[in-house]
Amino acid sequence: MQPIKKSSKLNNVCYDIRGPVLDRARQMEDEGQRVIKLNIGNPASFGFEAPDEILQDVIRNLSAASGYCDSKGLFAARKAIMHYTQEKNIANVQMDDIYIGNGVSELIMLATQALLENGDEVLVPSPDYPLWTAAVSLAGGVARHYTCDEQSGWLPDPQDIRAKIARNTRAIAIINPNNPTGALYPNDLLREIIEIARQNNLIIFADEIYDKILYDGATHTSVASLADDVLFVTFNGLSKNYRAAGFRSGWAVVSGNKAHARDYITGLNMLASMRLCANVPSQFGIQTALGGYQSIHDLTMPTGRLKRQRDLAWKLLTDIPGVTCFKPQSALYLFPRLDPAYYPIEDDEQFALNLLLEEKVLIVQGTGFNWPQSDHFRIVFLPNSDDLTESIGRIARFLDRYRARHSSQSGHG
């Protein structure tokens, strides 16, 4: 019998946040071993629960949630999102410009599939949230990675973006606040990216899912608020700001120059209709989430749990010899660098696997975020302080042994 093969469309698709290293971690857990997971930004696993008022609204409306709703989402939920775009100073957003999806992930797939012909290119950051690269590939496109520069606080390099534009480039994706680096983009940089899009007739895809998870008094600007003559698709949702990742409730907002994008918008509408509608029960939580008390601020303020854990994890990591790390201004992650002079790593996936096997700590290797070198990894700082101290202590122990092994091999003693 002929083996049944997967589609060749999946050949360039890779999502290492849930890859082979995680499979091995599951196996270890099945054998009864305890693994400390620093790999996924899943707030509920670490005791960050969705606010009660959101849960209550979902429960209270469950009996009204059995049927399909409008393919773009419930009226009240979209109205609340529309008001939110007004708060973020995004001009002229109408109800019809808002699409509710099963998390931002689904909407990224819709937005890329509605746009791309085979071989079309999308400019995607490196490092990125790997779903962006995967979604572009799956839609038949090519993700062309532009560099975010660690030396300048992981900000995108506009010259590099310009240099990577080709005849068939269709869009620029920006992830701000950034996953995996925690960088937050200043307005001048956002304006520069808009100017590049304007000159080259590109769509800007703006992934802003962490826009409320900000530290040290930082503020976030929605890129779509800075122009109305470029087409923007802005993504957000309940997963992170409202600790409701399992609800799978996200939204995409089309704004800016919609007049010249009528055909593309028709494509988005077709794809939204094909999946009938997004999960209805969780949509009943959106209005309460956006209009209610923003409890995320309690977690990010100086005495808040997220802020304290960020500071602790950052200090513990940067105290390890040969480890440097940009201090994140936003989001839930650290993306430390391992100095190759201390830690010569040829295969960072193997490095992550060895760490798991020897110390029972699960991280994601930097190349899993389409970073070209084997010198970074990502951890989440969601675990409580004791678990962070324990797990980073284990990472330090592992690195100490790694350094000793490799310095003796290279003859440097």
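Here the structure is shown first, and the text comes after it.
Values in this document were obtained by computation on a predicted structure and should not be read as measured data. (Residues numbered from 1 in each chain as written. Predicted model: local features only at pLDDT ≥ 70, side-chain atom pairs only at ≥ 80, totals over all residues. Heavy atoms only, no water.)

This brings us to the overall build of the protein. A count of helices and strands for the protein gives 14 helices and 15 strands. Taken along the three principal axes of its C-alpha coordinates, the protein extends 65 × 60 × 50 Å. Going through the 413 residues of the protein one by one, you find that 55% of them count as buried. A sequence separation of at least 24 residues applies to 73% of the contacts in the protein between residues at least 6 apart. Accessible surface, the protein as shown: approximately 17,800 Å² in total, 49% of it carbon and sulfur. (Helix = DSSP H or I, 4+ residues; strand = E, 2+ residues; numbered from the N terminus. Buried < 20%, exposed > 50% of the residue type's maximum accessible area, 1.4 Å probe, protein only. Contact = heavy atoms within 4.5 Å. Areas by Shrake-Rupley, 256 points an atom, 1.4 Å probe, with all protein chains shown as cover.)

What follows concerns helix α4 (residues 103-115). Its 13 residues place the ends of α4 19 Å apart at the C-alpha level, agreeing with the 18 Å of an ideal helix rising 1.5 Å per residue. Here α4 has its buried residues at G103, V104, E106, L107, I108, L110, A111, T112 and L115. (Expected span 1.5 Å × (residues − 1).)

All right, on to the packing of α4 against helix α5 (residues 131-138) then. It is the contact of α4 with α5, at a shortest axis distance of 9 Å, that shows an interaxial angle of 40 degrees. As α4 packs across α5, the resulting crossing turns out to be right-handed. Two secondary-structure elements touch here, α4 through S105, I108, M109 and T112 and α5 through L131, W132, A135, V136 and L138. Within the contact of α4 with α5, the residues separate by chemical class into seven nonpolar, two polar and no charged. (Axes fitted to C-alpha atoms, helices over the stretch in contact; angles between N-to-C directions. Left-handed = near helix turned anticlockwise from the far one by under 90°. Nonpolar A, V, L, I, M, F, W, Y, C, P; charged D, E, K, R; others polar.)

Counting across every chain of the model gives 26 salt bridges. Its salt-bridge partner being D311, residue K307 comes within 2.6 Å of it at the nearest N-O pair. Of the two residues, K307 and D311 both sit in helix α12 (residues 305-318), four residues apart, roughly one turn of that helix. Using a relative accessible area of 12% as the deciding quantity, one classes K307 as buried. For D311, a relative accessible area of 23% translates into the label partly exposed. With its nearest N and O atoms 2.6 Å apart, the salt bridge here joins K315 to D319. In this structure K315 comes out as partly exposed when scored by relative accessible area, which is 46%. Three or more residues are tied together by salt bridges with common partners; here these are D216, K307, R310, D311 and K327. (Salt bridge = Lys/Arg side-chain N within 4 Å of Asp/Glu carboxyl O.)

Taken in spatial order, the three strands line up as β11-β15-β14 in an open sheet, and their pairing is antiparallel. Every interior strand has two partners, whereas the edge strands, β11 (333-334) and β14 (364-365), have only one. Sheet topology note: the β14/strand β15 (residues 377-380) ladder contains two bridges and is antiparallel. Across the sheet, the residue bridging to Q365 is F377, located in β15. (Pairing = 2+ DSSP bridges.)

What follows deals with the pairing of strand β4 (residues 142-149). Consecutive side chains along a regular strand alternate between the two faces of the sheet. Examined bridge by bridge, strand β3 (residues 121-126) and β4 share six bridges and lie parallel to one another. Within β4, the residue paired with E121 across the bridge is V142. With two bridges connecting them, β4 and strand β5 (residues 155-156) associate as antiparallel partners. Opposite C148, over in β5, you have P156 as the bridge partner. Between β4 and β5, which pair antiparallel in sequence order, lie five residues; one of them, G153, sits at a positive phi of approximately 70 degrees.

Glancing now at helix α7 (residues 187-200). For α7, which comprises 14 residues, the first-to-last C-alpha distance of 20 Å matches the rise-based estimate of 20 Å (1.5 Å per residue) to within 8%. Every buried residue belonging to α7 is among L189, L190, I193, I194, I196 and A197, and all of these are buried. The arc that holds the buried residues of α7, viewed along the axis, is 155 degrees, so those residues lie on one side. When the buried face of α7 is taken as reference, the exposed residues oriented beyond 90 degrees from it are D188 and Q199. Looking at the packing, one finds that the buried side of α7 touches β5, α6 (158-163), β6 (169-175), β7 (203-207) and β8 (231-237). (Arc of directions from axis to C-beta.)

Attention shifts here to the packing of helix α1 (residues 20-30) against helix α13 (residues 348-359). At a closest axis distance of 10 Å, the pairing of α1 and α13 adopts a crossing angle of 15 degrees. When the interaxial angle is binned, α1 and α13 end up roughly parallel. Viewed along their axes, α1 and α13 form a crossing whose handedness is right-handed. On the side of α1, the interface is formed by P20, V21, R24, A25 and M28, while α13 contributes E349, A352, L353, L356 and L357. Of the residues assigned to the contact of α1 with α13, the class counts are eight nonpolar, no polar and two charged. (Parallel < 35°, antiparallel > 145°, perpendicular 65-115°, else oblique.)

Taken together, the eight strands give an open sheet; going across it, the order is β2-β9-β8-β7-β6-β3-β4-β5, and neighbouring strands pair in mixed fashion. Where the open sheet ends on each side, the last strands, each with one partner, are β2 (98-101) and β5. Bridging between β3 and β6 involves three bridges; their strand directions are parallel. Each residue of the ladder has a partner; that of L123, found in β6, is I172. Relative to β2, helix α8 (residues 262-274) is tilted by about 30 degrees, and along the sheet it contacts β2, β7, β8 and β9 (250-256).

A few words now on the side chain of K88. Its location among the elements puts K88 in the loop between α3 (75-87) and β2. At 2.9 Å, the side chain of K88 and the side chain of H220 are in polar contact. In this view, K88 contacts D211, H220, S222 and S225; residues no more than four positions away in its chain are not counted. (Polar contact = N/O pair within 3.5 Å; in protein donor to acceptor, adjacent residues only side chain to side chain.)

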